[in-house]
Amino acid sequence: MQEIIDRAIKHGWGYIGYGKPAAYIPELSKVNPNQLGISVIQINGENWNSGDYEAKFTIQSISKTVALIMAVVDRGADYVFAKVGMEPTGDAFNSIIKLETIKTAKPLNPMINAGAIAIDSMIQGESIDKKFERVLDMFRRLCHNHSIGNSEQVYNSEKATGFRNRALAHFMKDSGIIEGEVEEVLDLYFKQCSVEVTCKDIAMLGAVLAGDGVSPVTGERLLPRSLTRLVKTFMVTCGMYDASGEFAIRVGLPAKSGVGGGIMASVPGKMGIGVYGPALDEKGNSIGGIKTLEYLSNEMDLSIF
Ligand code: GLN
């Protein structure tokens, strides 16, 4: 296994020169683009790592999986999916177009920005701080890492520049999708995107999903199986945004990417995989990360299809 993942990283490394870090969140543009790392955690807890797997990065959109879990736990699936759809968009992750052109005004799914912001408005808690504490607590449990926190620099950077997300949120407030104060919901969203993790943390999250909700470390049930099935299905259809179709063909795994450069993948019944490479392709997915996963999936015949 160690040898295969070393080779996968070497393969992925050949592509990072074709991408670049996200620049629309100023703080993200400061990272070293030449990093690439991977962690693999089997559902029995066995773990292998290679490359820059210890580097910290912000989780960004990978957090949408955890927010979805919390909203369904807090409000139930019927409530959540009355306001957010279940279909892929074929548009960029921060696109606004379908909010107006589709009659129901529902964001199409919880993995795009509009859907995730709507999902955040459903998470329970007396204040934004309390809500974020609950979200952090869920991250810590699912990643089996009690020291997980967030980057204030990245949070402030996105809060200062997140005008497009503000536009999405105001649009959805107007159409009754978002409840509560728009700025408060956005604050929770920016905070959750700024949570700092390593490859190991997201590999663990992928491994919990792979094991249908059971912790690979303690054997404790952390999530009901039905919820992990829901999340993994969204990861297949919408997790890589408008690149989800090609990713399903080339890699064939439930996966969720973030503009911080992380990709969390889950191989049902087998393992979680966390990759990190901040150089992104034009769709906002880690270019080296995708190639690393593609290599690994082909070598080990991991595709679920
Ligand atoms: N915080 C980012 C944003 O809202 C998350 C996007 C992403 O990771 N694709 O733009």
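Going by the structure above, here's the rest.
Residues numbered from 1 in each chain as written. Predicted model: local features only at pLDDT ≥ 70, side-chain atom pairs only at ≥ 80, totals over all residues. Heavy atoms only, no water.

An account of the environment of tyrosine 241 is requested, with residue identities and associated values reported.
With respect to the helices, strands and loops of the structure, tyrosine 241 is situated in the loop between α11 (225-238) and α12 (244-250). Judged by its relative accessible area of 5%, tyrosine 241 falls in the buried class. Dropping the residues within four chain positions of it, tyrosine 241 is found in contact with Ser61, Lys64, Phe93, Met111, Lys256, Ser257, Lys283 and Asn285. One polar contact links tyrosine 241 to lysine 256, side chain to side chain, over a distance of 3.2 Å. (Helix = DSSP H or I, 4+ residues; strand = E, 2+ residues; numbered from the N terminus. Buried < 20%, exposed > 50% of the residue type's maximum accessible area, 1.4 Å probe, protein only. Contact = heavy atoms within 4.5 Å. Polar contact = N/O pair within 3.5 Å; in protein donor to acceptor, adjacent residues only side chain to side chain.)

Account for the nonpolar core, naming residues and giving values.
Across soluble globular proteins, you tend to see nonpolar side chains buried next to one another. Core analysis: the biggest nonpolar cluster contains 61 residues, and Leu68, Val80, Ile117, Leu142, Met172, Val195 and Leu223 have the highest contact counts within it. Elements with a contribution of two residues or more to this core: α2 (63-75), α3 (77-83), α5 (113-120), α6 (128-143), α8 (163-174), α9 (182-193), α10 (199-210) and α11. Broken down by element, the residue count for this core peaks at eight residues, all from α6. In contact with valine 80, other than residues within four places in its own chain, are Leu68, Ala71, Val72, Arg75, Ile119 and Met122. Ranked by size, the runner-up nonpolar core spans 24 residues in total, among them Ala8, Leu253, Ile263 and Ala265. (Core = buried A, V, L, I, M, F, W, Y, C linked by side-chain atoms within 4.5 Å.)

How would you explain the sheet that holds strand β6 (residues 262-267) if you had to name every residue and give the values?
On the basis of which strands lie adjacent, the open sheet formed by five strands has the order β2-β1-β7-β6-β5 and antiparallel pairing. Both edges of this open sheet fall to β2 (47-51) and β5 (255-257), since each of them pairs with a single strand only. In this sheet, adjacent strand axes meet at a mean angle of 10 degrees when their direction is disregarded. Examined bridge by bridge, strand β1 (residues 37-42) and β2 share five bridges and lie antiparallel to one another. Considered in β2, the bridge of serine 39 is made with asparagine 49. Packed onto the sheet, α10 meets β1, β2, β6 and β7 (271-276) and runs at close to 150 degrees relative to β7. Helix α13 (residues 287-300) contacts β1, β6 and β7 of the sheet and is inclined by roughly 150 degrees relative to β7. (Pairing = 2+ DSSP bridges. Axes fitted to C-alpha atoms, helices over the stretch in contact; angles between N-to-C directions.)

Tell me about the pattern of salt bridges, and please be specific about residues and values.
For the structure on display, the rule yields 16 salt bridges. Put simply, aspartate 74 and arginine 134 hold a salt bridge, and the shortest N to O gap is 2.9 Å. Placement of aspartate 74 in helix α2 and of arginine 134 in helix α6 is noted, with a sequence separation of 60 residues between them. Between lysine 191 and aspartate 129 there is a salt bridge, with the nearest N and O atoms lying 3.6 Å from each other. Placement of the pair is lysine 191 in helix α9 and aspartate 129 in helix α6, with a sequence separation of 62 residues. The structure contains a network of salt bridges with shared partners spanning Asp129, Lys159, Asp187 and Lys191. (Salt bridge = Lys/Arg side-chain N within 4 Å of Asp/Glu carboxyl O.)

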